[in-house]
Amino acid sequence: MENIELKWIVLALAVAMYALVIAFQEKKVWFTTLTALITVSLGTLFPAQIFSGDTRSFALLHALTALINWNVLLIYIGSMTIAALFLYSKVPAKIADVLVSHAPSTGIAIVLILAMTGIISIFVENVATVLVMAPIALSLCHKLKLNPTYFIVGLAVMSNLEGTATLVGDPPSMIFASYAGYSFNDFFVHNGTLSIFFIIQAGLLAGCIFFYLLFSRNKEKATVETEPIISLVPTLLLLALIFGLALISFIQIDCAFISGLFCFALGITGVLWYFFSQKKTKSETWRLIRELDWETIAFLIGIFVVVGAISETGLLADFAAFLARITGGSKAVGFILILAVSIAISGFVDNVPYIIVMLPVAGSLAENLALQKELFMFALLVGSCLGGNLTPFGASANVVSMGILKKEGCPIRFTGWLTICGSFTVITTACAAAVLWLLWA
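Reference entry: report on the structure contained in this document. (Residues numbered from 1 in each chain as written. Predicted model: local features only at pLDDT ≥ 70, side-chain atom pairs only at ≥ 80, totals over all residues. Heavy atoms only, no water.)

So, on to the side chain of S173. As for its position among the elements, S173 is in helix 9 (residues 171–180). Here S173 falls in the buried class, since its relative accessible area comes to 0%. From its side chain, S173 meets the backbone oxygen of T164 in a polar contact 3.1 Å long. Once residues lying within four places of it in the same chain are set aside, the contact partners of S173 are G163, T164, A165, T166, L167 and F187. (Helix = DSSP H or I, 4+ residues; strand = E, 2+ residues; numbered from the N terminus. Buried < 20%, exposed > 50% of the residue type's maximum accessible area, 1.4 Å probe, protein only. Polar contact = N/O pair within 3.5 Å; in protein donor to acceptor, adjacent residues only side chain to side chain. Contact = heavy atoms within 4.5 Å.)

Below, the structure written as structure tokens:
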């Protein structure tokens, strides 16, 4: 079988996989795993036509060692474990209580809570952030007889917005770091230029202003019942994670898994603390571990293999060349094209597989136009992560917030969500994109 024929077979498999993932979200791990297994089998049957090497056993070995980014997976496992313990500690709820009690009005208190939600989601998974902040928001709304719709929707979109800011914020950031070779510190400053963290903060500031205009009419002083903090240990572990990753960025160690092993070790430390210090039973400890987002881990493994195969057959390079022809050599057209397409697609499709596919394309397109790769790769991150706010099913946190509102007797329809979040998405993305252009164009 000729290489070009096999290339299109791999592409057809990937397209079918993505279509099934979109249509049947609850079964996405099955589809990605099956496609990865078929791809590896093709690589075994037709050596060197998909993967490198010329032995029949090499395809599986190559997939396990070269295509699956175990460092990213270890970082994700460790950070989401510490995030779960951080929420258990009640520290986020306590911080929110303090913000509400010291704010001069309800409107400002709501904006502060939304800003804090975004900041927490820099380090904590978005759905978990929404779930821990929602009771605070609902309590405030019940006391002041406010409709909770805007507040709960705000929790979702603000958490989605900030997830891209650091290496440990969300899987897309970890995937980007893996592809671009970014350390934790590179998310703040890279090659002497302010990086993605500060670009995203422009979106956060715009989001805060957006919600302040919505809630500024609420002038009453709010009060809430405070919850006691269970322990500061998870907070210390979270700080150790942040500063440890920053320190590792400065240390030249010949180990590709150093960041992942560090995060994983901290996660294990947290679980041991939970079991022994908090005197939890084996069943309770196992429940904590079991309820972590293992589905995303399995999903990423399959995606890494399939997209790796697509890249190694040359399809992504072909697509980058096609986009370069469309842009006509204009960096402004390429920038707007990547940004707009990313917003549109991420409003309806999981941004993780999209980013994995498009990062090499954006990087290659920038190189073809003799530009800094960051201009297009950051545009991809901004558009795909902030674009997830566009529709109620663009991100998992959005779906969760809709469920909360339905339970509260305030269901929100697709058009209602679009009315609120359409303008929010355009404003926040435009502000972040403007800062990105000024810094990297």
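Under the 1.5 Å per step criterion, the end-to-end length of helix 7 (residues 126–144) is 26 Å for 19 residues, consistent within 8% with the ideal 27 Å. After helix 7 finishes, the residue K145 shows a positive phi value of roughly 55 degrees. (Expected span 1.5 Å × (residues − 1).)

Turning next to the environment of A340. Examined against the element boundaries, A340 turns out to sit in helix 16 (residues 331–346). Since its relative accessible area comes to 43%, A340 is described here as partly exposed. Each C-alpha atom, one on A340 and one on M402, is 25 Å from the other, the two residues being 62 residues apart in sequence.

This part is about unusual backbone geometry. Despite not being glycine, N191 shows a phi value in the positive range, around 55 degrees. Tracing the sequence through the fold places N191 in the loop between strand 1 (189–190) and strand 2 (193–194). Located in the positive-phi region is K279, a residue other than glycine, with phi close to 55 degrees. Considering the arrangement of structural elements, one finds K279 in the loop between helix 12 (258–276) and helix 13 (282–290). K279 gets classed as exposed once you look at its relative accessible area, which sits at 71%.

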